[in-house]
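Structure at a glance
Read off the chains here:
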Amino acid sequence: MKTVRVQPQVDMELCRGCKNCQMVCPVYAIEVARVDGKPQVNINFDVCVGCWNCEQRCPDHAISMVPCEPFDLATDVSRFDYDEIRALCRKAHFHPKQIVCYCTATRAEELAAAILDGASDPAQLVRATGAGSGCGIECNQPILRFLEAAGKTFERPKQSYQWYGRTATVWDVSDKVKKEHPGFRFDNDRELLDSVVDAPVHDLKS
Ligand code: SF4
Ligand code: SF4
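Residues numbered from 1 in each chain as written. Chains lettered and ligands numbered in written order. Predicted model: local features only at pLDDT ≥ 70, side-chain atom pairs only at ≥ 80, totals over all residues. Heavy atoms only, no water.

Core analysis: the largest hydrophobic core is formed by 47 residues, its most contacted members being I30, L125, I143 and F146. When residues of this core are traced back to their parent elements, those giving at least two are β2 (30-35), β3 (38-43), β4 (63-73), α3 (82-92), β5 (99-101), α4 (108-116), α5 (122-129) and α6 (140-149). A per-element tally of this core places α4 first, with six residues. Looking at which domains feed residues into this core, each of domain 1 (2-72) and domain 2 (77-167) gives three or more. Excluding anything up to four places from it in sequence, I143 contacts L111, P122, L125, V126, A131, G132 and W163. (Core = buried A, V, L, I, M, F, W, Y, C linked by side-chain atoms within 4.5 Å. Buried < 20%, exposed > 50% of the residue type's maximum accessible area, 1.4 Å probe, protein only. Helix = DSSP H or I, 4+ residues; strand = E, 2+ residues; numbered from the N terminus. Domains from an automatic or database assignment. Contact = heavy atoms within 4.5 Å.)

Before going further, it helps to spend a moment on unusual backbone geometry. Notably, W52 is not glycine yet its phi reads approximately 75 degrees, a positive angle. When you line up the elements, W52 lands in the loop between β3 and α2 (53-57). Phi at H93 is positive, roughly 65 degrees, even though this residue is not glycine. Assignment of secondary structure puts H93 in the loop between α3 and β5.

Residues of the protein with pLDDT of at least 70 account for 98%, and the chain-wide mean is 94. Mean pLDDT across the elements of the protein ranges from a minimum in helix α8 (residues 186-197), with 94, to a maximum in α4, with 98. (pLDDT = per-residue confidence, 0-100.)

With that settled, the discussion passes to the domain arrangement of the protein. Entries for the protein in the domain assignment read domain 1 (2-72), domain 2 (77-167) and domain 3 (168-206). Its C-alpha centre places domain 1 at a distance of 24 Å from the equivalent point of domain 2. Counting each side, the surface lost to burial between domain 1 and domain 2 is near 1400 Å², with a carbon and sulfur contribution of 53%. In terms of surface lost to domain 2, no three residues of domain 1 exceed K2, M23 and Y28, which account for 45% of the buried area on that side. Scanning the region where domain 1 abuts domain 2 turns up zero salt bridges. Counting every contact that joins domain 1 to domain 2 gives eight residue pairs in polar contact (both at pLDDT 80 or more). It is helix α1 (residues 20-24) that contributes the most residues to the side of domain 1 that touches domain 2, three residues altogether. (Buried area = accessible area lost by both parts, 1.4 Å probe. Salt bridge = Lys/Arg side-chain N within 4 Å of Asp/Glu carboxyl O. Polar contact = N/O pair within 3.5 Å; in protein donor to acceptor, adjacent residues only side chain to side chain.)

Turning our eyes to something else, we now look at α3. If you check which residues of α3 are buried, you get I85, R86, L88, C89 and A92. One side of α3 carries all its buried residues, which in axial view fall inside an arc of 165 degrees. In α3, those exposed residues whose orientation departs by more than 90 degrees from the buried face are D83 and K91. Buried positions along α3 lie against α4, α6 and α8. The residue sitting at the N-terminus of α3 and contributing the capping side-chain oxygen is D81; that oxygen lies 2.8 Å from the backbone nitrogen of D83. One or two positions beyond α3, positive phi appears at H93, with a value near 65 degrees. (Arc of directions from axis to C-beta.)

See below:
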């Protein structure tokens, strides 16, 4: 869960229309166009999650973050059947209480709940949980793993660096690779991680 308190503002006197901001936005909220040879930056504030990526990556310091009416990005896990949440977490190889986004402290169970609530691509998951609205590093793979586990396929816009693909995990290593590299002990790692995924769920409030 995250509370958004700021959104970007662009100084068009400084903008050169490089499209960096568009490429790094995790929810595709920015579109950079040229009108009569001049750059135009359009921001969809209904979609923007105030992640600062555009502000940080603008080479001309044309973007600043300004206060907005605060709003929350969150999905209430208690609205969903916990067995279904647990099953989806297991399929994605996460314990439900595992933190999947350190910037927002979002847990795996909230990503699962958001998918059960209808989120079907990364941008929708970011909007529904806040995960991915911070640094966008650690949460990137959990978000993609959850969507894959739920059987969701999606296309990202061409003009985007975001959500480029899931990396392999220990659950993907083939028998051939295991045989060729016995010293890596993939099966031992997998056994240990499976035991974490299957550990009992404790109510953190009690
Ligand atoms: S990154 Fe900065 S200079 Fe480039 S298009 Fe966006 S606002 Fe303009
Ligand atoms: S979501 Fe992030 S990158 Fe996209 S417009 Fe908002 S602050 Fe900029």
